[in-house]
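The residues making up each chain are set out below.
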Amino acid sequence: MCQIQLTQLQKRFGATPVLADVNLTVEEGEFCVFIGPSGCGKSTLLRIIAGLDDASAGDIVIGGRRVNDVAPARRDVAMVFQSYALYPHMTVYENMAFGLRHLKLPAAEIEQRVRRAAESLHLTALLDRKPGALSGGQRQRVAIGRAIVRKPKVFLFDEPLSNLDASLRVKTRVEIARLHRELNNTSMIYVTHDQVEAMTLADKIVLLRPLEGKSGVASVAQVGSPLELYHHPANQFVAGFIGSPA
Ligand code: ADP
Ligand code: MG
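Fair warning: this is a prediction, and the values are worked out from it, not measured in the lab.

Quick look at the nonpolar core now. Core analysis: the largest hydrophobic core is formed by 66 residues, its most contacted members being V33, I49, L156 and I189. Setting aside chain neighbours within four positions, we find V33 in contact with Y190, T192, A198, L201, A202 and I205.

In structure tokens, the structure reads:
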């Protein structure tokens, strides 16, 4: 089943167009990775799906419901940022529980969800700490935990590993792949500029590119599995970006 459907999506910042004619579907349970040159609109597209930015035109459908006018907290999505965005004055437990209190879930249900997520992410021993007393990798796990407890239909990741050092990057990438396997039917949309992450994680890659002759405006260059893009690039741009054999 189709989990996310973007139709004729456009985005302008003031008079400046950034995204044009983005059409895209993400299936239930699919791991979809957005790649493309820096500044082409990957984060903007993710923020529009999350509801943190408005689309200038087009439809955003999540789980069969048009959500253009639905608040972020009511979209059944959870977003993990590169910068973690944890509350420094709250403990790990409070950081993970905060969004659930907002949803007015019963206290016992909140505690159960937080403890379960903490266990799965090896955070149980750190629940009473504040973010300042955690390493970068631990902070990112808390940010992922905070998303998991909401049990969203869709996870949105914006370059979640780019602040981690190389070995932690690999470890956390493996964790995210495991998470995706465990959370049956949960879709992931993952933005990265790292080819290895894209090739290893993706069921489907969406490559964005600047439109020819329209400086600054981007759209979808090609959608396909990692192997499809690698072996059957739609054009020179895709081949060059992916590094396909000539
Ligand atoms: P990416 O994540 O692919 O690097 P972004 O989505 O961050 O790209 O940015 C796409 C384009 O939109 C860039 O040209 C950027 O400068 C512009 N942009 C992003 N956010 C804003 C904003 N809030 N106001 C104006 N321009 C923006
Ligand atoms: Mg970005």
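Bringing the confidence of the model for the chain into the picture now. Per-residue confidence for the chain gives a mean pLDDT of 93, with 100% of residues at or over 70. We note a pTM of 0.92 for the whole complex and an ipTM of 0.98 for its interfaces.

Let's shift gears to the site of ligand 1. If you check the shell around ligand 1, you find F13, V18, G36, S38, G39, C40, G41, K42, S43, T44 and G216 and nothing else. Residue contributions to the shell around ligand 1 peak at three residues, all from helix α1 (residues 42–50). Its residues placed into classes, the shell around ligand 1 shows three nonpolar, seven polar and one charged.

For the rest of this paragraph, the subject is the UniProt feature "domain: ABC transporter" (unreviewed entry) in the chain. The feature "domain: ABC transporter" (unreviewed entry), as annotated in UniProt, sits at residues 4–242 in this numbering. From the first C-alpha to the last, residues 4–242 spans 25 Å; its make-up is 35% helix and 26% strand.

Glancing now at the pairing of strand β2 (residues 16–27). Bridge count between strand β1 (residues 2–13) and β2: eight bridges; the pairing is antiparallel. Bridge pairing links Q5 to T25 in β2. What sits between β1 and β2 in their antiparallel hairpin is a turn of two residues, with G14 showing a positive phi close to 65 degrees.

About the cut-offs
- Residues numbered from 1 in each chain as written.
- Chains lettered and ligands numbered in written order.
- Predicted model: local features only at pLDDT ≥ 70, side-chain atom pairs only at ≥ 80, totals over all residues.
- Core = buried A, V, L, I, M, F, W, Y, C linked by C-beta atoms within 7 Å.
- Buried ≥ 20, exposed ≤ 12 C-beta atoms within 10 Å, placed from the backbone.
- Contact = placed C-beta atoms within 7 Å.
- pLDDT = per-residue confidence, 0-100.
- Near = placed C-beta within 6 Å.
- Helix = DSSP H or I, 4+ residues; strand = E, 2+ residues; numbered from the N terminus.
- Nonpolar A, V, L, I, M, F, W, Y, C, P; charged D, E, K, R; others polar.
- UniProt positions renumbered as here; feature names shortened; annotations may be inferred.
- Pairing = 2+ DSSP bridges.

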